[in-house]
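Below are the chains, spelled out letter by letter.
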Amino acid sequence: MNNTLSTQLLFELSKPGCRAAQLPECDVPTKPIDQLLPKDSLSNTAPPLPELSEPDVVRHFTNLSTRNFSVDTHFYPLGSCTMKYNPKRNERLAALPGMADLHPYQPESTLQGMLALLHQCQHMLAEIAGLPAVSLQPAAGAHGEMTAMLVAAAYFRDRGEKRTTVLIPDSAHGTNPASAAMAGFTVATVKSTPEGFVNLDDLTAKVNEQTAVFMITNPNTLGLFEPRIGRIARTVHEAGGLVYLDGANMNAILGVARPGDFGADLMHFNPHKTFSSPHGGGGPGAGPIAVAERLAPYLPTPVVAKDGGGFRLDYDRPKSIGRVRSFFGNVGVLVRMYCYIRSHGPEGLRRIAEDAVLNANYLLHRVKDFVPVPHGGRCMHEFVASGAKLKSDRGVSTMDVAKRLLDYGFHAPTVYFPLVVREAMMIEPTESESRATLDAFAEALAKIVEEPAELLHDAPRDLPISRPDEVQAARKPVLRWKEGD
Ligand SMILES: *Cc1c(COP(=O)(O)O)cnc(C)c1O
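Thresholds applied
- Residues numbered from 1 in each chain as written.
- Predicted model: local features only at pLDDT ≥ 70, side-chain atom pairs only at ≥ 80, totals over all residues.
- Heavy atoms only, no water.
- Helix = DSSP H or I, 4+ residues; strand = E, 2+ residues; numbered from the N terminus.
- Buried < 20%, exposed > 50% of the residue type's maximum accessible area, 1.4 Å probe, protein only.
- Contact = heavy atoms within 4.5 Å.
- Domains from an automatic or database assignment.
- Axes fitted to C-alpha atoms, helices over the stretch in contact; angles between N-to-C directions.
- Parallel < 35°, antiparallel > 145°, perpendicular 65-115°, else oblique.
- Left-handed = near helix turned anticlockwise from the far one by under 90°.
- Nonpolar A, V, L, I, M, F, W, Y, C, P; charged D, E, K, R; others polar.
- Salt bridge = Lys/Arg side-chain N within 4 Å of Asp/Glu carboxyl O.
- Near = heavy atom within 4 Å.
- Polar contact = N/O pair within 3.5 Å; in protein donor to acceptor, adjacent residues only side chain to side chain.
- Phe/Tyr/Trp six-rings, centres within 6.5 Å; stacked < 30°, edge-to-face > 60°.
- Expected span 1.5 Å × (residues − 1).
- Core = buried A, V, L, I, M, F, W, Y, C linked by side-chain atoms within 4.5 Å.
- pLDDT = per-residue confidence, 0-100.
- Pairing = 2+ DSSP bridges.

*Asks:* Even after reading the chapter, I still don't get the side chain of Asn176, so can you show me in this structure?
*Replies:* Tracing the sequence through the fold places Asn176 in helix H8 (residues 175–182). Judged by relative accessible area, Asn176 falls into the buried class, the value being 0%. Ignoring any residue separated from it by four or fewer positions in sequence, one finds Asn176 in contact with Glu145, Ile168, Met215, Thr217 and Asp246.

Structure follows, in structure tokens:
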């Protein structure tokens with residue numbers, strides 16, 4: 001690869017006079033621009049655009065595109081994100097003109113196929129959740145959380161109950177407290193036990209008549225299934241509160257356990273994680289929610305309803321919290337989800353969960369001797385290793401290890417999350433990786449922890465950019481090219 005070419009900006013590659021296309025002389029009468037546009041709309045100077053030939057532009061962007069780590073090019077064990085392989089067939093199906101070229105303002109009678117598909121999505125998610133009512137509208141997991149918190153708030157308001165607090169374990173994803181706060185609740189933290197589970201004493205002490213919702217991620221962010229989930233749900237329900245399940249980790253329990261059966265009243269799905277939509281580049285995703293029957297009246301409008309032989313969008317829902325997104329949600333992601341679920345079927349979905357858990361346990365056992373896993377010898381779909389000892393013994397941080405993995409051709413795991421593990425490395429291989437890939441990753445990690453500290457501080461060493469100053473990049477991003485820079 002030509003390294004110089006693809007690390008230079010288009011502006012640096014610019015050669016005055018270069019053009020991608022040569023237009024022929026205009027053969028119709030022309031008028032000067034200042035006779036066509038008002039003077040104050042005109043600039044005195046031409047915009048400083050780069051001047052390049054078409055091959056230069058194509059090579060620039062094509063070379064840049066090969067600088068990405070992606071699921072299609074590399075093993076991507078980013079914990080909590082479920083970076084599984086996205087079957088290409090789902091892309092083709094979502095791109096069919098009958099799917100991709102629909103307009104949301106078309107008459108309902110001409111959208112029957114899409115509405116049937118969305119109706120089935122509602123049905124399938126209800127079945128997987130063990131909760132009967134579904135909204136497909138939210139645009140991401142975090143948006144699903146917030147929508148569900150608004151549903152819970154509307155439910156309590158309707159009952160005349162003044163419940164102001166949402167309880168959240170200290171191992172939760174940051175979106176949980178953010179969603180609860182945005183929906184107007186006060187957030188209180190529930191401690192974890194040293195084993196990484198919900199501290200029942202702390203929960204019992206904090207749950208009361210103010211408690212609206214207890215949000216739990218199960219399996220949790222340590223990759224552990226909460227064994228006392230039944231008791232936890234009873235404790236919350238006895239105090240009149242609702243149990244919310246953050247469904248980001250559904251990949252571990254698909255077809256094996258249903259949140260509605262273990263006590264959840266509301267939950268979200270992340271189709272871009274569990275049901276194979278490409279993600280990681282900032283979206284789009286989706287965050288459908290499923291809720292218990294008594295919460296169904298409060299779901300966003302519209303929901304897709306079936307009437308006789310046809311489908312329609314039901315807006316006649318007087319208790320609804322209203323819209324949370326335009327139209328029906330991110331339909332393209334939902335179509336991919338539909339294809340993925342239908343092509344696996346119930347048996348296949350269960351197999352996904354079993355294989356994801358098997359892969360994670362295999363990898364855990366391959367790496368635990370050189371990166372300790374503080375929370376036990378078994379996991380669900382992911383596990384959290386700790387680089388704390390490496391840090392204290394050799395001054396090598398988890399960041400050093402994560403950066404060095406890039407040199408070996410692996411995406412780094414999620415690092416420094418969850419906060420309850422020091423120097424955390426959260427590793428989620430997913431079901432779509434082969435044993436050979438898992439072995440290669442474990443061997444790379446084994447080599448890295450033996451490498452000299454000075455070398456690791458400098459990693460990545462073989463990539464075009466080593467360590468950007470992340471603080472500077474976040475505080476003072478340079479987003480605009482200025483002439484003379
Ligand atoms: C990814 C994730 C979320 C947020 O989902 P988005 O779709 O990224 O908004 C919430 N909770 C957990 C545990 C997650 O892993």
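*Asks:* Help me out: how do you make sense of the domain arrangement of the protein chain in this one?
*Replies:* What the domain assignment lists for the protein chain is domain 1 (4–65), domain 2 (89–344) and domain 3 (346–475). A straight line from the C-alpha centre of domain 1 to that of domain 3 covers 45 Å.

*Asks:* Explain the packing of helix H7 (residues 141–158) against H8 here, please?
*Replies:* Packed helix pairs are specified by the crossing angle of their axes together with the interaxial distance, meaning the distance between the axes. Contact geometry for H7 and H8: axes closest at 8 Å, N-to-C directions at 40°. The angle between H7 and H8 falls in the class oblique. Considering only the axes of H7 and H8, their crossing is right-handed. Contacts between H7 and H8 involve Ala142, Glu145, Met146 and Met149 from the first element and Thr175, Asn176, Ser179, Ala180 and Met182 from the second. Residues of the contact of H7 with H8, tallied by class, amount to five nonpolar, three polar and one charged.

*Asks:* Honestly, the pattern of salt bridges in this entry has me stumped. Any pointers?
*Replies:* Opposite charge on two side chains permits them to pair, given that their charged atoms come into close proximity. Under the definition given, this model contains 27 salt bridges. A salt bridge links Arg163 to Glu161, with the shortest nitrogen-to-oxygen separation between them at 2.7 Å. For Lys391, the salt bridge identified is with Glu423, shortest N-O distance 3.4 Å. Separated by 32 residues along the polypeptide, Lys391 in helix H13 (residues 388–394) and Glu423 in the loop between strand E11 (414–415) and strand E12 (424–427) bring together distant segments of the chain. Taking the relative accessible area as the measure of exposure, Lys391 reaches 39% and is therefore partly exposed.

*Asks:* Which parts of the structure should I look at to understand the site of the ligand?
*Replies:* The ligand sits among 13 residues. The nearest are Ser80, Gly141, Asp246, His272 and Lys273. With respect to the ligand, the backbone of Ala142 contributes an N or O atom lying 2.8 Å from an oxygen atom. Side-chain polar atom of His272 to an oxygen atom of the ligand: 2.7 Å apart, as the coordinates give it. Of all the elements in the fold, those that place two or more residues in the shell around the ligand are H7 and helix H11 (271–274). At three residues, H7 tops the list of elements feeding residues into the shell around the ligand. In terms of residue class, the shell around the ligand is made up of three nonpolar, seven polar and three charged.

*Asks:* Is there a simple way to explain the packing of aromatic side chains in this structure?
*Replies:* Two numbers describe a pair of aromatic rings. These are the distance of the centres and the angle of the planes. Using the criterion set out here, one finds nine aromatic pairs in the structure. When the ring of Phe75 is compared with that of Phe410, the centres are 6.1 Å apart and the planes differ by 90°; the resulting orientation is edge-to-face. Residue Phe75 is found in the loop between helix H3 (54–65) and helix H4 (88–94), and its partner Phe410 is found in the loop between helix H14 (398–407) and E11; the two are separated by 335 residues along the sequence. As far as the burial class goes, Phe75 and Phe410 line up, both buried. Pairing Tyr105 with Phe327 gives two aromatic rings, centres 5.2 Å apart and planes at 85°, and the pair type is edge-to-face. Residue Tyr105 is found in the loop between helix H5 (97–100) and helix H6 (112–129), and its partner Phe327 is found in the loop between strand E9 (310–314) and helix H12 (331–367); the two are separated by 222 residues along the sequence. Classification of Phe327 as partly exposed rests on a relative accessible area of 27%.

*Asks:* Any chance you could explain helix H15 (residues 435–448) here in plain terms?
*Replies:* The α-helix winds at 3.6 residues per turn, so residues separated by three or four positions along the chain end up facing the same way. With 14 residues, H15 ought to run about 20 Å at 1.5 Å a step, and its terminal C-alpha atoms sit 20 Å apart, in line with that. Those residues of H15 that sit buried are Leu438, Asp439, Phe441, Ala442, Ala444, Leu445 and Ile448. Buried residues along H15 sit against H12, H14, E12 and helix H16 (453–457).

*Asks:* Honestly, the nonpolar core in this entry has me stumped. Any pointers?
*Replies:* One recurring pattern in soluble globular proteins: nonpolar side chains tend to sit buried together. Counting residues in each nonpolar core, the largest one holds 61 residues, and the members touching the most others are Leu118, Phe214, Phe269 and Phe275. Looking at this core, the elements with two or more residues in it are H6, helix H9 (200–206), strand E4 (211–217), helix H10 (229–238), strand E5 (242–246), E9 and H12. Composition of this core by domain shows at least three residues from each of domain 2 (89–344) and domain 3 (346–475). Setting aside residues up to four positions removed in sequence, Phe214 forms contacts with Leu167, Pro169, Val190, Val198, Leu203, Ile232, Val236, Leu242, Val243 and Tyr244.

*Asks:* Please explain the confidence of the model for the protein chain as it appears in this structure.
*Replies:* In low-pLDDT regions, the fine details of the predicted coordinates are not to be read closely. Averaged over all residues, the pLDDT of the protein chain is 93; the fraction at 70 or higher stands at 97%. The low-confidence segment residues 1–5 (pLDDT under 50) makes nine contacts with residues lying over four places distant or belonging to another chain.

*Asks:* Can you walk me through the pairing of E12 in this structure?
*Replies:* Two faces, one strand: in a regular strand the side chains alternate between the faces of the sheet. Alternating residues of E12 divide into Ala424 and Met426 and Met425 and Ile427, and every residue in both groups is buried. Bridge analysis of strand E10 (residues 383–386) against E12 gives four bridges, and the strand direction is antiparallel. Note on E12: the bridge partner recorded for Val384 is Met426. Relative to E12, E11 runs antiparallel, the two sharing two bridges. Paired with Thr414 across the strands is Met426, a residue of E12.

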